[in-house]
Amino acid sequence: MDSFTLSPAAIAYEDDYLLIIDKPPGMLIHPTVNESGCTLYDHVAAYYRQKQLNCGIHPVSRLDRNTSGLVIFAKEPIVQFWLSQREIVKEYLAVVTGCLEQDSGIIEAPIARKEGSIIERCVSENGKYAKTAYQVLHRHQDKTLLRLRLFTGRTHQIRVHLAHIGYPLYNDSLYGTPGPQSRHALHAWRLSFIHPVSDQRLEITRELPKDLRKIIY
């Protein structure tokens, strides 16, 4: 993602308190020991330097490396805290493998870390409560486009829940067909919440990216 920059097209929303970015797939949000300089955090820091903004980089939401879509950063720690105390409606668009016949539904299944893995999660009676709602938007051959809402925020929640009901994300090599990690078909398309300073409701959306549209249409 060396060519990625925080251009006006990549910034979904900005004011004195918040920065919301449309993250591309394949990019980590935070630097790690093995990867730094090209994470979303690094790009935000570069953007602040370019604009001569004296702001903090405080994540309010997170996405997996290979999930695209909306990520919230607070510019001050207190704003991050205020948002943590408010409900943020998070909705995703996903392409799953298989033709899901039921038009809508709710998945309630507890999620835990899979034994012997530091990455993979699974549905387990010993896990933490997790709830995901889905609605079918489009069916095409052996794939289905879903709109999903998270009611809890467990690691890999959507990926685990969809695999649990037999419809894993398209191209999800961890919970679907095994293989090299690559771009799975999941996009964080909508955020809705009360602004922690203005008390006005914000609704930010970003449509399904072209690479995922090609899969389902």
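Everything numeric in this text was worked out from a predicted model, so none of it was measured. (Residues numbered from 1 in each chain as written. Predicted model: local features only at pLDDT ≥ 70, side-chain atom pairs only at ≥ 80, totals over all residues. Heavy atoms only, no water.)

(A) Looking closely at the side chain of Lys143. Mapping Lys143 onto the fold places it in strand 10 (residues 143-150). Of note is the side chain of Lys143, whose polar atom sits 3.3 Å from the side chain of Asp142. Residues in contact with Lys143, not counting those within four places in the same chain, are Val95, Val96, Gly98, His138, Tyr170, Ile215 and Ile216. (Helix = DSSP H or I, 4+ residues; strand = E, 2+ residues; numbered from the N terminus. Polar contact = N/O pair within 3.5 Å; in protein donor to acceptor, adjacent residues only side chain to side chain. Contact = heavy atoms within 4.5 Å.)

(B) The arrangement of the pattern of salt bridges in detail. On inspection of all chains with the given rule, the structure shows 13 salt bridges. The salt bridge involving Asp142 is made with Lys143; its shortest N-O contact spans 3.3 Å. Judged by its relative accessible area of 12%, Lys143 falls in the buried class. Each of the salt bridges in this network shares a partner with another, and the network as a whole consists of Glu91, Arg147, Arg190 and Glu203. (Salt bridge = Lys/Arg side-chain N within 4 Å of Asp/Glu carboxyl O. Buried < 20%, exposed > 50% of the residue type's maximum accessible area, 1.4 Å probe, protein only.)

(C) Looking closely at a nonpolar patch on the surface. Taken together, the side chains of Tyr17, Ile78, Phe81, Trp82 and Val197 make up a nonpolar region of the molecular surface, amounting to roughly 440 Å² of accessible area. Overall, Trp82 belongs to the partly exposed group, its relative accessible area being 36%. (Patch = residues over 30% accessible without salt bridge, like charges linked within 9 Å, V, L, I, M, F, W, Y side chains within 5 Å. Areas by Shrake-Rupley, 256 points an atom, 1.4 Å probe, with all protein chains shown as cover.)

(D) View of helix 1 (residues 40-51). Between its first and last C-alpha, helix 1 extends 16 Å over twelve residues, near the 16 Å set by a 1.5 Å rise per residue. The complete set of buried residues in helix 1 reads Leu40, His43, Val44, Ala45, Tyr47 and Tyr48. The inward-facing, buried residues of helix 1 contact strand 1 (11-14), strand 2 (18-23) and strand 4 (68-74). (Expected span 1.5 Å × (residues − 1).)

(E) Structural view of the environment of Ser68. Along the chain, Ser68 turns up in strand 4. C-alpha separation for the pair Ser68 and Lys214, spaced 146 residues apart in sequence, amounts to 15 Å. Excluding residues within four positions of it along the chain, Ser68 makes contact with Lys23, Pro24, Pro25, Leu63, Arg183, Leu186, His187, Ala188 and Pro209. A polar contact of 3.0 Å, which involves the side chain of Ser68, links it to the side chain of Arg183.

(F) Inspection of the side chain of Glu91 at higher detail. Take Glu91: it is sitting in strand 5 (residues 89-97). Accessibility expressed as a relative area gives 9% for Glu91, which makes it buried. A polar atom in the side chain of Glu91 sits 2.8 Å from the side chain of Arg147. Setting aside residues no more than four positions away along its own chain, Glu91 makes contact with Arg147, Leu148, Arg149, His187, Ala188, Trp189 and Arg190.

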